[in-house]
Structures are given as structure tokens and as C-alpha cells.
Amino acid sequence: NYFGDFVGVEAHLEAMNQLLCIESEEARMVGIVGPSGIGKTTIARALFSQLSSRFHYRAFLAYRRTIQDDYGMKLCWEERFLSEILCQKELKICYLGVVKQRLKLKKVLIFLDDVDDVELLKTLVGRTKWFGSGSRIIVISQDRQLLKAHDIDLVYKVEFPSEDVALKMLCRSAFGQNSPPNGFMELAVEVAKLAGNLPLGLNVLGSSLRGRGKDEWMKMMPRLRNYLDGKVE
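Every value quoted in this text rests on a predicted model; they were computed, and no experiment measured them. (Residues numbered from 1 in each chain as written. Predicted model: local features only at pLDDT ≥ 70, side-chain atom pairs only at ≥ 80, totals over all residues. Heavy atoms only, no water.)

## What to know about the environment of G183
1) Next: The residue G183 is located in the loop between α7 (163-175) and α8 (185-194) in this model.
2) Next: Under the relative-accessibility criterion, G183 is labelled partly exposed at 45%.
3) Next: Taking the C-alpha atoms as reference, G183 lies 7.8 Å from K214; in sequence the two are 31 residues apart. (Helix = DSSP H or I, 4+ residues; strand = E, 2+ residues; numbered from the N terminus. Buried < 20%, exposed > 50% of the residue type's maximum accessible area, 1.4 Å probe, protein only.)

## Considerations on the pattern of salt bridges
1) Next: Per the stated rule, a full pass over the model turns up six salt bridges.
2) Next: Across the pair R54 and E23 runs a salt bridge whose closest N-O atoms are separated by 3.3 Å. Placement of R54 in the loop between α2 (40-51) and β2 (57-62) and of E23 in the loop between α1 (9-20) and β1 (28-33) is noted, with a sequence separation of 31 residues between them.
3) Next: Accessibility expressed as a relative area gives 46% for R54, which makes it partly exposed. (Salt bridge = Lys/Arg side-chain N within 4 Å of Asp/Glu carboxyl O.)

## Structural notes on the packing of aromatic side chains
1) Next: Taken as a whole and assessed by the stated rule, the structure comprises six aromatic pairs.
2) Next: Here the aromatic rings of F60 and F111 are separated by 5.4 Å at their centres, their planes lie at 10°, and the arrangement is stacked. Residue F60 is located in strand β2, and its partner F111 is located in strand β3 (residues 108-113); the two are separated by 51 residues in the primary sequence.
3) Next: Consider the rings of F175 and F184, whose centres lie 5.3 Å apart with planes at 65°: the pair is edge-to-face. F184 shares its class with F175; the two are buried.
4) Next: Residue placement shows R45 over the ring face of F60; its charged tip is 3.7 Å from the ring centre.
5) Next: K106 extends its terminal NZ or CZ atom over the ring of Y57, reaching a point 5.5 Å from the ring centre. (Phe/Tyr/Trp six-rings, centres within 6.5 Å; stacked < 30°, edge-to-face > 60°. Lys NZ or Arg CZ within 6 Å of the ring centre and 35° of its normal.)

## Topic: the confidence of the model for the chain
1) Next: On average, residues of the chain score 90 in pLDDT, and 93% of them are at 70 or above.
2) Next: Taken element by element, the predicted model of the chain shows its lowest mean pLDDT in helix α3 (residues 70-86) (88) and its highest in β1 (98). (pLDDT = per-residue confidence, 0-100.)

## Things to note about the environment of K168
1) Next: As for its placement among the helices and strands, K168 is situated in helix α7.
2) Next: For K168, a relative accessible area of 29% puts it in the partly exposed group.
3) Next: Through-space distance from the C-alpha of K168 to that of L202 is 9.5 Å; in sequence the pair is 34 residues apart.
4) Next: In this structure, K168 is in contact with V7, Q177 and N178, ignoring residues within four places of it in sequence. (Contact = heavy atoms within 4.5 Å.)

## Describing the pairing of β3
1) Next: Among the six residues in β3, six count as buried, and that is most of the element.
2) Next: Bridge count for β2 against β3 is six bridges, and the pairing is parallel. Counted as the bridge partner of F60 is F111 from β3.
3) Next: As defined by bridge partners, β3 adjoins strand β4 (residues 136-141) across four bridges and the pair is classed as parallel. By the bridge assignment, L109 is partnered in β4 with R136.
4) Next: For the segment spanning β3, helix α5 (residues 118-124) and β4, crossover handedness is right-handed. (Pairing = 2+ DSSP bridges. Right-handed = clockwise from strand over helix to strand, strands pointing away.)

## Points about unusual backbone geometry
1) Next: Unusually for a residue other than glycine, C21 sits at a positive phi of about 45°.
2) Next: When you line up the elements, C21 lands in the loop between α1 and β1.
3) Next: The class of C21 is partly exposed, set by a relative accessible area of 34%.
4) Next: With phi around 60°, N197 is a residue other than glycine that occupies positive phi space.

Have a look at this one:
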């Protein structure tokens, strides 16, 4: 239950499961979109943990462009992709298009994280018909237009948490509890606002303040106000 510490993760998982409609036999591709630091990867990891036991073929992967020709780069993408899903280390392929040949009859669970290149999607998950019935492909990106360009219409947008949830996130990180101790309420509320209610910012700031007394919090506030002012994103 590692992800239980991510405040509000249950609501995100419920919304994603509705989009995935996991009981359906159709292959389905779903996007997760939102700004950096909002918790997309954490939500996706929790979802992968929840669903992976239902799929014999599964993978959670993130890719970055490499400095080589496009054809060579795409070959590397496919090799790594298939190696992970098929559990075949150092698998080698000689031509593009092997993904849809090898996975067409297989029920797969695939998460592609931090996607910023539509060519990656075209190469690895071109169409849902490349995969067996019941397959689920989840693409995580900051760019909704990229998902649209790949005809991914089922998209879950991760919204900023409410002020109450943001305060709870900060307190979990700073105090190890869901609300501020006596005397810390005003300070904690202000810090949460300075973090822009961004989950990663709340976690980082809370961790940096953990174990500090009220006097130390007050001494740090002018610096936080000057440098952050809600612009942490």
C-alpha cells in the first residue's frame, strides 16, 4: 500500500478505472495529462500496481530521444519495448513493425510515461488493433495535443488539488499527519499556497520543513515568499 501516502490517489484511480473499463474485451488506449509535478506518474504507478496481476504481458516504460538517426532510434524503442513486455533480455530486431506482429494476439498492459514525441506512439502503440482483446495502453504526457494527434480521445486530466487536499498533502510530508499541529495552521496554509497547490512542490517543501520548530518556519517564510509566490510550477 505504498501509494496510500499520496493523498487523494483513490479518487484518481476510480476515475481512471471508469475510463479503462477493464472488464471490456475491446483493446483500449487512454491518456493521462497534466502539468509537471501534479502526480501523473504516481497515479500511473499506483494504477499499474493495482492492475498488473490481471495481465501476463505488462510493462511500465519511459523513453527519451537519443542522438542517432530516426530509424535506429525507433529500432531501439521497439527492442526495449518488446524486451520488457516479453521478458526477453537484450532482444534484437532487424526491422520496424515487429511490435504488431509479436503482440497482436496478446492481452497486454502498457504504460508509456512522460511521452513528448508522437513518433514514439506511432512506433510502439500505433493502433489498438496491434494488440490482443482486452489490452490496455495508458499514455502519460504533459501535452494534450500530442494525445489528440494520436487519436487518443479517452483522456484523464489530473487537476490541481483543492486547498483542503493540498494542505493535507503538505502536512503528511511536513508533520507525518493529516493536519497541522497546534500553532502551525496559518503557516502551513500559507506554505501550501506558496507551493501553488502543486503536489510535488508540497511534498518537497514539506520534507524540507519536517522536524523544524515554529521559529524556524517563521524565519524561512520571507525567503519562501520572495522566491515562490505561487509560481513553483
